2 protein chains.
Amino acid sequence: MTASRIALDVMGGDAAPEAVLQGALRACSDAARTRIEPQRLLLVGDEARIGSRLEELGGNPGFGVQHASQVIEMGEAPAQALRAKPDSSVAGCVRAVKIGAAGALVSMGNTGAVVGASTLGLGTLAGVRRPGIAVTLELTGHPTTFIDMGANIAPTPANLVQYAQMGTVYMRDCLALPSPRVGLLNIGEESSKGTPLLKEAHALLTESDLNFVGNVEGTDVFGDQADVVVTDGFTGNVVLKLLEGFSGFMLRLMLTELQRHDVQWGAQTLTNVRRQIDYAEYGGALLLGVDGIVVIGHGKSDAAAVANACGLAARALDAGVNAHIVAGLAG
Amino acid sequence: MTASRIALDVMGGDAAPEAVLQGALRACSDAARTRIEPQRLLLVGDEARIGSRLEELGGNPGFGVQHASQVIEMGEAPAQALRAKPDSSVAGCVRAVKIGAAGALVSMGNTGAVVGASTLGLGTLAGVRRPGIAVTLELTGHPTTFIDMGANIAPTPANLVQYAQMGTVYMRDCLALPSPRVGLLNIGEESSKGTPLLKEAHALLTESDLNFVGNVEGTDVFGDQADVVVTDGFTGNVVLKLLEGFSGFMLRLMLTELQRHDVQWGAQTLTNVRRQIDYAEYGGALLLGVDGIVVIGHGKSDAAAVANACGLAARALDAGVNAHIVAGLAG
């Protein structure tokens, strides 16, 4: 049971703890989809606050609770904050996974702190040099996994190949895509394009047994060219935030246009569009390569996003992502 | 007269020469907006093809024509192509500017070839180390200039500072924005964020007399945080293509939704939205820092985009962009 448990960082995120507690309850009320029963969640944070708020919300339905006396804020420098606050809620989540009280952790908190605490506290899987943040978006009618979206801003070519391998395993063994196509995010199709990092990674990927389809450009990402898009963590993070900003911008533009026509169904139309692009629907990012399932949610997550993040952790646990990665890298 | 002339690469682009010739005619028919009279354009390309096609279209209204016997294709490796084809249409455009037969050139052709031919053929402006591609988009109700969008994928910190300076001069002296805010595209707000390149550029920009507002993230680009967004050419090029792909994707999503409601005005709504994000409305990118006005249009440009690219070149010429840059860098 404990191995299937999910430690939830109640204190992490812009709207914590309220949105996280609401999200935990919401995940349980939608258990058929999220696979979350109350007993599956271990709430990590200020025990008194958690207890009293849950009382107000109708009582604790069966969540485990683990006290943590400290909170790492969103704006803190990760390394210093982790040193200065050994009893932070995110450190508590990592410890729960480390000692086997949980198999996964979910945090909407400071991304750098989650990556740092998880990597140092849990270690990497056998064969993995550097973990990578994988985000799966459904941009072309089926999922595409982008890796790395910010764990490692200065990867080596070998790191990029491992991101390709981990992304491939995830898509194949957890999302049931037989032979995922791997693309390398670059500024042109030719193998001679891009930085020295990308040229070398291109050569290594070409030699690998992955289904490497070559370089993909920003436009191709929306053209069903690849199932796994590999990039360095700097570019990946810029891309992720740009997509977020741009989708919000486009939706505002559309809303203005629809309002000009005084359209009653405009809001529903936008909701339908938003659903296809919104990170909140996908719950968050998986930090692939660490010895434990780690889901990093968006700092702005509301209750629905938190519930989906818990659902993502549950699916990753149930699919045995990490065993598949270890087997894939060994094979 | 010749200094205000624009050499137009008739053979460059996916739909050349047809779209380019149609664009030249279109620019003239909309002269109040584009500032293009037939005498202002010098068409560079296959003289016989240009002549016969213009005859079919009603005759040459007064364009100059300069013969070029070769064409650099979109997929060719720029450096090799420029060596192998000394009489290409893009090389002809550069020569026209070099000898003073024109003050500007416009090409929808191979971007690398345009950048390479212009930089080598025209040289850089006094004080400029590396040219940068500047794209001006109106994402937040007023223009934002992004630089560099792909001329230099391995800039130094000093290069980034010059991009900031050139972008500032362009926005201030050509787009009449009194004190343009400069942002550095990065993965976090803090000065400690990002690659060594960005940390050093942040320090240099902080010391400069520019209106530096610090790091901006992908989401901020749509939040009116900066008027000039500085980035390396690799990230810039990824960003530019991603925006293009994403806007097309969002518009397709919206169209599907509107069609579900059988909305007659849907097409117009989408046109209105597209107008605010479409590169074609802005005509293209300016290669800032070379000794001559160089406008790089999109390879997929249709006649309207070509006309707007010519209009951008005319405005840049009339505004004396390069004199302002030289004065700005010296001051």
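Bear in mind the structure is a predicted one, so any value in this text is a computation, not a measurement.

Chemist: I would appreciate a short explanation of the packing of helix H5 (residues 89-98) of chain B against helix H6 (residues 111-122) of chain B in the present structure.
Modeler: When two helices pack together, you describe them by how their axes are tilted relative to each other and by the distance separating the axes. Residue and element names in this part refer to chain B. The N-to-C vectors of H5 and H6 enclose an angle of 30 degrees; their axes lie 10 Å apart at closest approach. On the basis of the axis angle, H5 is roughly parallel to H6. Crossing handedness for the pair H5 and H6: right-handed. For the pair formed by H5 and H6, the contact residues are Val90, Val94, Val97 and Lys98 on the first element and Val114, Ala117, Ser118, Gly121 and Leu122 on the second.

Chemist: What is the right way to read the pattern of salt bridges from this model?
Modeler: Between side chains of opposite charge, a pair can form as their charged atoms come close. Throughout the structure, instances matching the rule amount to 22 salt bridges over all chains. Taking the shortest distance from any N to any O, the salt bridge between Glu18 of chain A and Arg53 of chain A comes out at 2.6 Å. Separated by 35 residues along the polypeptide, Glu18 of chain A in helix H1 (residues 18-29) and Arg53 of chain A in helix H3 (residues 47-56) bring together distant segments of the chain. The closest approach of N and O atoms between Arg40 of chain B and Asp318 of chain B, which form a salt bridge, is 2.8 Å. Remark: Asp318 of chain B occurs in helix H12 (residues 303-319) and Arg40 of chain B occurs in the loop between helix H2 (31-34) and strand S2 (41-45); sequence separation between them is 278 residues. Owing to a relative accessible area of 8%, Arg40 of chain B belongs among the buried residues under this scheme. Given the relative accessible area of 43%, Asp318 of chain B is considered partly exposed. Because the salt bridges share partners, they merge into one network encompassing Glu18, Arg53 and Glu56 of chain A.

Chemist: Any chance you could explain the packing of aromatic side chains here in plain terms?
Modeler: The relation between two aromatic rings is expressed through the spacing of the ring centres and the mutual angle of the planes. Summed over the entire model, instances satisfying the criterion amount to seven aromatic pairs over all chains. Residues Phe246 of chain A and Phe222 of chain B carry aromatic rings whose centres are separated by 5.2 Å and whose planes lie at 35 degrees to one another, so their mutual orientation is tilted. With Phe246 of chain A in helix H9 (residues 233-260) and Phe222 of chain B in the loop between strand S8 (211-216) and strand S9 (228-230), this pair bridges two chains. By relative accessible area, Phe246 of chain A is classed as buried at 2%. Residue classification places Phe222 of chain B among the buried positions, given a relative accessible area of 6%.

Chemist: Where do I start with the interface of chain A and chain B in this structure?
Modeler: In many analyses, interface size is given as the accessible surface area lost on bringing the parts together. On the chain B side, the residues contacting the 47 residues of chain A number 45 residues. Of the roughly 4300 Å² buried where chain A meets chain B, counting both sides, 79% is carbon and sulfur surface. When residues of chain A are sorted by the area they lose upon contact with chain B, Phe234, Leu242 and Phe246 of chain A head the list and together hold 16% of the total. Where chain A packs against chain B, one counts two salt bridges. Viewed at the interface, chain B and chain A are joined by six residue pairs in polar contact (both at pLDDT 80 or more). For the side of chain A that touches chain B, the elements supplying multiple residues, two or more each, are H9 and helix H10 (266-277) of chain A. Of all the elements, H9 of chain A adds the most residues to the side of chain A that touches chain B, at 21 residues. Taken together, the residues that form the side of chain A that touches chain B break down as 24 nonpolar, 15 polar and eight charged.

Chemist: How should the relation of the copies chain A and chain B be read in this particular structure?
Modeler: There are two copies of the chain, and a rotation about an axis plus a shift along that axis relates them. By a simple turn and slide, chain A fits onto chain B: the slide is 0.0 Å along the axis, the RMSD is 0.0 Å, and the turn is 180 degrees. Here the transformation between the copies is reduced to the relation of a two-fold axis. Interface overlap between copies is the fraction of interface residues in one copy that are interface residues in the other; for chain A against chain B it reaches 96%, indicating a shared surface.

Chemist: I keep staring at the pairing of strand S4 (residues 104-107) of chain A and nothing clicks. Help me out?
Modeler: Every other side chain in a regular strand lies on the same face of the sheet, so the side chains alternate between the two faces. Residue and element names in this part refer to chain A. The two faces of S4 match: Ala104 and Val106 on one face and Leu105 and Ser107 on the other face are all buried. One ladder, built from three bridges, connects strand S1 (residues 6-9) with S4; its direction is parallel. Bridging from a neighbouring strand, Leu8 pairs with Val106 of S4. Here four bridges tie S4 to strand S11 (residues 293-296), and the two strands are oriented parallel to one another.

Chemist: Help me understand the sheet that holds S9 of chain B, please; the structure alone is not making it clear to me.
Modeler: Sheets are built from strands that pair by backbone hydrogen bonding, the pairs being arranged parallel or antiparallel. Residues and elements named next belong to chain B. Spatially, 11 strands are ordered S3-S2-S1-S4-S11-S10-S5-S6-S9-S7-S8 in an open sheet, and the strand pairing comes out mixed. The open sheet terminates on both sides in strands that have one partner only, identified here as strand S3 (64-67) and S8. The mean inter-strand angle of the sheet, taken between neighbouring strand axes irrespective of direction, is 25 degrees. Contacts from helix H3 (residues 47-56) reach S2 and S3, with the element oriented near 125 degrees to S2.

Chemist: Sorry, what's going on with the packing of helix H1 (residues 18-29) of chain B against H3 of chain B here?
Modeler: All names here are of chain B. At a minimum axis distance of 11 Å, the contact between H1 and H3 shows a crossing angle of 55 degrees. For the element pair H1 / H3, the angle class is oblique. When you trace H1 past H3, the crossing you get is right-handed. In this structure, H1 uses Glu18, Leu21 and Gln22 to contact H3, whose residues at the interface are Ile50, Arg53 and Leu54. The class makeup of the residues in the contact of H1 with H3 is three nonpolar, one polar and two charged.

What counts as what
- Residues numbered from 1 in each chain as written.
- Chains lettered and ligands numbered in written order.
- Predicted model: local features only at pLDDT ≥ 70, side-chain atom pairs only at ≥ 80, totals over all residues.
- Heavy atoms only, no water.
- Axes fitted to C-alpha atoms, helices over the stretch in contact; angles between N-to-C directions.
- Helix = DSSP H or I, 4+ residues; strand = E, 2+ residues; numbered from the N terminus.
- Parallel < 35°, antiparallel > 145°, perpendicular 65-115°, else oblique.
- Left-handed = near helix turned anticlockwise from the far one by under 90°.
- Contact = heavy atoms within 4.5 Å.
- Salt bridge = Lys/Arg side-chain N within 4 Å of Asp/Glu carboxyl O.
- Buried < 20%, exposed > 50% of the residue type's maximum accessible area, 1.4 Å probe, protein only.
- Phe/Tyr/Trp six-rings, centres within 6.5 Å; stacked < 30°, edge-to-face > 60°.
- Buried area = accessible area lost by both parts, 1.4 Å probe.
- Polar contact = N/O pair within 3.5 Å; in protein donor to acceptor, adjacent residues only side chain to side chain.
- Nonpolar A, V, L, I, M, F, W, Y, C, P; charged D, E, K, R; others polar.
- Least-squares fit on C-alpha atoms with pLDDT ≥ 70 in both.
- Pairing = 2+ DSSP bridges.

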